[in-house]
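Residue-level structural notes
Residue-level listing of the chains:
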Amino acid sequence: MYKKIEKMKKNIIINGVIAGVIVSFLMLCSLIYYSYCKGNADYGSSMLIGYASMLIAFSFVFVGIRNYRDKYNEGIISFGTAFKIGIMIVLIASTFYVVAWLIDYFFFIPDFMEKYSAHTLEKLKTSGASQIELDKKAKEMADFARMYKNPFFNALMTYLEILPVGLIVTLIGSLILKRKTAKN
């Protein structure tokens, strides 16, 4: 039993680290690309690319669950065990993502929120928003930007960005890969 737990931990760590490196690398690549856009960044495409990179990285949830089931557990895995493996992989990968974002934000792009706020307000302005709506949104965004400078709040918001995606992937992976009896 002890060896099985050790193999599960190793499986979780390896797949979590691989997923974390992938999602962090792709996030940093997209940030580097958008930093060269000189204010013409398409934040909608950036968000789409970001969530796509999360899904690519979280494919290692499937790999980790299937690997444990087939190599170490004789082809059998319950939903609960699969979920536990998957969510631990997600937590490791998400922590890599959060740390990469915090380093990037605080050391390389501390003006990100100001640029994003300006972009959002300009978009509202061109859509015909009234001055009252613009002022209200500007105040909201300034308050959020102030809170976002706190590393703990920033980390919390970043976890809230990635964890729901990982939770959904884990639920789907656990449902698909659970198996009560070994295949012959």
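Residues numbered from 1 in each chain as written. Predicted model: local features only at pLDDT ≥ 70, side-chain atom pairs only at ≥ 80, totals over all residues. Heavy atoms only, no water.

Attention now moves to the overall build of the protein chain. Within the protein chain one finds seven helices and zero strands. In the protein chain, the succession of helices and strands from N to C terminus is α-α-α-α-α-α-α. Relative to its length of 184 residues, the protein chain is extended, with a C-alpha radius of gyration of 20 Å against a globular reference of 16 Å. A burial count over the protein chain gives 36% of its 184 residues as buried. Taking the contacts inside the protein chain whose residues are at least 6 apart along the sequence as the reference set, 81% of them involve residues at least 24 apart. When the accessible surface of the protein chain is split by element, carbon and sulfur atoms take 69% of a total near 11,300 Å². (Helix = DSSP H or I, 4+ residues; strand = E, 2+ residues; numbered from the N terminus. Rg over C-alpha atoms; globule rule 2.2 N^0.38 Å. Buried < 20%, exposed > 50% of the residue type's maximum accessible area, 1.4 Å probe, protein only. Contact = heavy atoms within 4.5 Å. Areas by Shrake-Rupley, 256 points an atom, 1.4 Å probe, with all protein chains shown as cover.)

On to the packing of aromatic side chains. Tallied over the entire structure, the rule returns nine aromatic pairs. Here a set of aromatic residues connected by ring pairs shows up, and it is made of Trp-101, Tyr-105, Phe-106, Phe-112, Tyr-116, Phe-144, Tyr-148 and Phe-153. (Phe/Tyr/Trp six-rings, centres within 6.5 Å; stacked < 30°, edge-to-face > 60°.)

Quick look at helix H7 (residues 151-177) now. The first and last C-alpha atoms of H7 sit 37 Å apart over 27 residues, in line with the 39 Å expected at 1.5 Å per residue. Bending of H7 peaks at approximately 30° at the position of Ile-162, with proline Pro-164 no more than four residues after it. Regarding H7, the residues found buried are Asn-154, Ala-155, Thr-158, Ile-162, Val-165, Gly-166, Val-169, Thr-170, Gly-173, Ser-174 and Leu-177. For H7, the N-terminal capping position is held by Asn-150, with its side-chain oxygen 2.8 Å away from the main-chain nitrogen of Phe-152. (Expected span 1.5 Å × (residues − 1). Bend = angle between axes of the 7 residues up to and from the residue. Polar contact = N/O pair within 3.5 Å; in protein donor to acceptor, adjacent residues only side chain to side chain.)

Before going further, it helps to examine the side chain of Thr-120. Within the element layout of this structure, Thr-120 appears in helix H5 (residues 112-126). When its relative accessible area of 16% is taken as the criterion, Thr-120 is described as buried. Those residues in contact with Thr-120 that lie beyond four places of it in its chain are Lys-137 and Met-141.

This prediction gives the protein chain a mean pLDDT of 90; 93% of its residues lie at or above 70. Per-element confidence in the protein chain ranges from a low mean pLDDT of 84 for helix H2 (residues 43-57) to a high of 97 for H7. (pLDDT = per-residue confidence, 0-100.)

Quick look at the packing of helix H6 (residues 131-148) against H7 now. Closest axis-to-axis distance for the H6/H7 pair is 7 Å, and the angle between their directions is 105°. Judged by the angle between their axes, H6 and H7 are roughly perpendicular. Contacts between H6 and H7 involve Phe-144, Met-147 and Tyr-148 from the first element and Phe-153, Asn-154, Met-157 and Thr-158 from the second. Of the residues belonging to the contact of H6 with H7, the class tally is five nonpolar, two polar and no charged. (Axes fitted to C-alpha atoms, helices over the stretch in contact; angles between N-to-C directions. Parallel < 35°, antiparallel > 145°, perpendicular 65-115°, else oblique. Nonpolar A, V, L, I, M, F, W, Y, C, P; charged D, E, K, R; others polar.)

What follows is about the packing of helix H3 (residues 59-72) against helix H4 (residues 79-107). The contact between H3 and H4 brings their axes to 9 Å, and the two run at 140°. Taken together, the axes of H3 and H4 are oblique relative to one another. Crossing geometry of H3 relative to H4 is assigned as right-handed. Across the interface between the two elements, Phe-60, Val-61, Gly-64, Ile-65 and Tyr-68 from H3 touch Thr-81, Ala-82, Ile-85, Gly-86, Ile-89 and Val-90 from H4. When grouped by side-chain class, the residues that make up the contact of H3 with H4 number eight nonpolar, three polar and no charged. (Left-handed = near helix turned anticlockwise from the far one by under 90°.)

Quick look at the pattern of salt bridges now. Two side chains carrying opposite charge are able to pair once their charged atoms lie near each other. Considering all chains together, one arrives at nine salt bridges under this definition. One salt bridge connects Lys-9 with Glu-6, and the closest N-O pair in it is separated by 3.8 Å. Here Glu-6 and Lys-9 lie together in helix H1 (residues 2-35), a separation of three residues that amounts to about one turn. Lys-9 sits in the partly exposed class, given a relative accessible area of 44%. Among the salt bridges present, the one from Asp-143 reaches Lys-139, with a minimum N-O distance of 3.0 Å. Here Asp-143 and its partner Lys-139 are both found in helix H6, four residues apart, which amounts to about one turn of the helix. Here the salt bridges share partners, and the residues they tie into one network are Arg-66, Arg-69, Asp-70 and Arg-179. (Salt bridge = Lys/Arg side-chain N within 4 Å of Asp/Glu carboxyl O.)

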